[in-house]
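Topology and contacts: notes
Listed below are the residues making up each chain.
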Amino acid sequence: MDARTQEFLEEVQAGRQVETGDWMPDEYRKRLIKFIEMHGNSELMGVLPERDWILRAPTLQRKLALTAKIQDEVGHCQLIYRVVEDLGKPRAQCLDDLISGKSKFHNVFHYPTKSWGDVGVIAWLVDAAAIISQKALLKCSYAPYARVMKKVCWEESFHILHGRDTVLAMVTGTPAQFELVQEALDRWWPPLMHFHGNPIPAEEDPMFVWRIKSQANEDARQQFLEGYVPQILELGLTIPDPKLRRGDDGVWEYTEPDWDELMAVVTGHGPASQERLDFRRVSRAEVDWVSKVMLPEAA
Amino acid sequence: MIWEVFRQERKGQPFVHGGSFHAPDKAFADAYAREFYARRQESVALWIVPREEITEIGEFPDEFDLKYRRVDGYSIKARLKEARERAGTAAP
């Protein structure tokens, strides 16, 4: 590492916030682009499982709330891709790399949704897991991203409440409705345990070393378990992990997640990966004319 | 074309940079700014500016060390102590 890079690294570790026009090491820029681009991709891919339920939402109010959530997430995608563009990668390139499978999106968006129970569990627990990661990004060493995250986190809190309200409506409904939530929880628990990544120590995680992330993967997972396991159990739901328990030291123990599955899923081998990417390919082709008309400089 | 957004959260507060977006002209920029930054009444006013119209100035060297123009250019502690002692108003 050259002296200038070393100095930069020490500065970000001491809390410096970097702006777009500042000098930065190539490695830092590359890691930022990869990470932020994947976040943008995930916002965009994350609306697809929800989109499937707009027409099937049980009431008009739920339909409107779901549509508003989807609009928020597409809006987050555009904000986040703008941050990537200012780092040097154009939006069109991000969209091309997403559909070609060159770039990744978050594991939870590679799975299908089977019932309205899944929609509630996703909006409540997947968004809860996401907001833990996103709140930690408010302290990201790259300031333009941290600023965007302020708006993202603010809107996510409505999503969690919408999800929790959906789940509460079902667990206080008929036994069949309760069962839909339990089945959805059974399906989503393994991906939720994968969500924050393998428990690599912070000092070995380059994303932490560069202070792009401000917490270790396992810290985020522990925070999720500490916050949400009691909220799940108090509804009478069962978490499908017999080993799950809170140790006397306050640390949650759980069955080791299948990290090979996580790796397979995020590299495009999840149960819904290709179907979702196919859908994105079709939409990209269908709306191509819109960007040609709207953004003549991009054509 | 990229537009920068500055948003005011409450009346009387400063406008703070919020982010940016693509829009082909002013009419679309107006519509997008409303959707992205104010649809939940989280802003009371927005300034939207084409990025190329913004000039950033960021280097402010102080070659002559003109500290006499700032509060950190004055250290009055010792003098004040002496003045109080002379006047007989120093704390015992």
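Attention in this report is confined to the structure presented alongside it. Quick caveat, the model's predicted, so the values are computed rather than measured.

1. Some points on the overall build of chain B
Within chain B, the regular secondary structure consists of 2 helices and 3 strands. Ordering the α and β elements of chain B from the N terminus gives β-β-α-β-α. Relative to the 2.2 N^0.38 estimate, which gives 12 Å for 92 residues, the radius of gyration of chain B is 25 Å and therefore markedly larger than a compact globule would have. Overall size of chain B, expressed as C-alpha extent along the three principal axes, is 70 × 35 × 15 Å. Scored against the burial criterion, the 92 residues of chain B give a buried share of 16%. Counted over contacts in chain B with a minimum sequence separation of 6, partners at least 24 positions apart contribute 44%.

2. Digging into the packing of helix α5 (residues 116-136) of chain A against helix α9 (residues 217-233) of chain A
Residues and elements named next belong to chain A. Orientation of α5 relative to α9, taken along the N-to-C sense of each, is 135°, at an axis distance of 10 Å. With respect to α9, the axis of α5 lies oblique. In this structure, the crossing between α5 and α9 has a hand that is right-handed. For the pair α5 and α9, the contacting residues are Leu125, Ala128, Ala129, Ile132, Ser133 and Ala136 in the first and Ala220, Gln223, Phe224 and Tyr228 in the second. Broken down by class, the residue content of the contact of α5 with α9 amounts to 8 nonpolar, 2 polar and no charged.

3. Observations concerning the interface of chain B and chain A
Buried accessible area, meaning the area lost when the parts come together, often serves as the stated size of an interface. Each partner contributes to the interface: chain B provides 6 residues, whereas chain A provides 8 residues. At 4 residues, the largest contribution of residues to the side of chain B that touches chain A is made by strand β2 (residues 16-22) of chain B. When its residues are assigned to classes, the side of chain B that touches chain A shows 3 nonpolar, 3 polar and no charged.

4. Things to note about the environment of alanine 14 of chain A
By the secondary structure assignment, alanine 14 of chain A is in the loop between α1 (3-13) and α2 (26-51). Sequence separation between alanine 14 of chain A and arginine 211 of chain A is 197 residues, and the spatial gap between their C-alpha atoms is 9.4 Å.

5. Digging into the sheet that holds strand β3 (residues 45-50) of chain B
All names here are of chain B. Here we have 3 strands laid out as an open sheet, ordered β2-β1-β3, and antiparallel in their pairing. Lying at the two open borders of the sheet, with one neighbouring strand each, are β2 and β3. Neighbouring strand axes in the sheet, compared pairwise and without regard to direction, differ in orientation by 25° on average. Across 6 bridges, strand β1 (residues 2-8) lies against β3 in antiparallel orientation. Across the sheet, the residue bridging to tryptophan 3 is proline 50, located in β3.

6. Some thoughts on the environment of leucine 244 of chain A
Tracing the sequence through the fold places leucine 244 of chain A in the loop between α9 and β1 (245-246). When the 16 C-beta atoms within 10 Å are taken as the criterion, leucine 244 of chain A is described as partly exposed.

7. A word on helix α4 (residues 91-100) of chain A
Residue and element names in this part refer to chain A. For α4, the set of buried residues is Cys94, Leu95 and Leu98. Axial view of α4: buried residues confined to an arc of 95°, hence all on one face. As for α4, its buried residues are in contact with α2, α3 (60-87) and α11 (273-286). Just beyond α4, the residue with positive phi is glycine 101, at close to 85°.

8. Remarks on the nonpolar core
The biggest cluster of nonpolar side chains holds 58 residues, and the ones touching the most others in it are Ile80, Val121, Leu125, Ala129, Tyr145, Trp188 and Leu192 of chain A. Residue assignment for this core shows that the elements contributing at least two residues are α1, α2, α3, α4, α5, α6 (143-171), α7 (175-194) and α9 of chain A. No other element matches α5 of chain A, which puts 12 residues into this core. Ignoring sequence-local partners within four residues, the contact set of tryptophan 188 of chain A consists of Val121, Ile122 and Leu125 of chain A. Judged by nonpolar contacts, the second largest core, of 9 residues, contains Ala23, Ala29, Phe36 and Tyr37 of chain B.

9. What to know about helix α2 (residues 77-87) of chain B
Counting buried residues along α2 of chain B, only 0 of its 11 residues qualify, which leaves the element largely exposed. Within two residues after α2 of chain B, glycine 88 of chain B carries a phi angle of roughly 75°, on the positive side.

About the criteria used
Residues numbered from 1 in each chain as written. Chains lettered and ligands numbered in written order. Predicted model: local features only at pLDDT ≥ 70, side-chain atom pairs only at ≥ 80, totals over all residues. Helix = DSSP H or I, 4+ residues; strand = E, 2+ residues; numbered from the N terminus. Rg over C-alpha atoms; globule rule 2.2 N^0.38 Å. Buried ≥ 20, exposed ≤ 12 C-beta atoms within 10 Å, placed from the backbone. Contact = placed C-beta atoms within 7 Å. Axes fitted to C-alpha atoms, helices over the stretch in contact; angles between N-to-C directions. Parallel < 35°, antiparallel > 145°, perpendicular 65-115°, else oblique. Left-handed = near helix turned anticlockwise from the far one by under 90°. Nonpolar A, V, L, I, M, F, W, Y, C, P; charged D, E, K, R; others polar. Pairing = 2+ DSSP bridges. Arc of directions from axis to C-beta. Core = buried A, V, L, I, M, F, W, Y, C linked by C-beta atoms within 7 Å.

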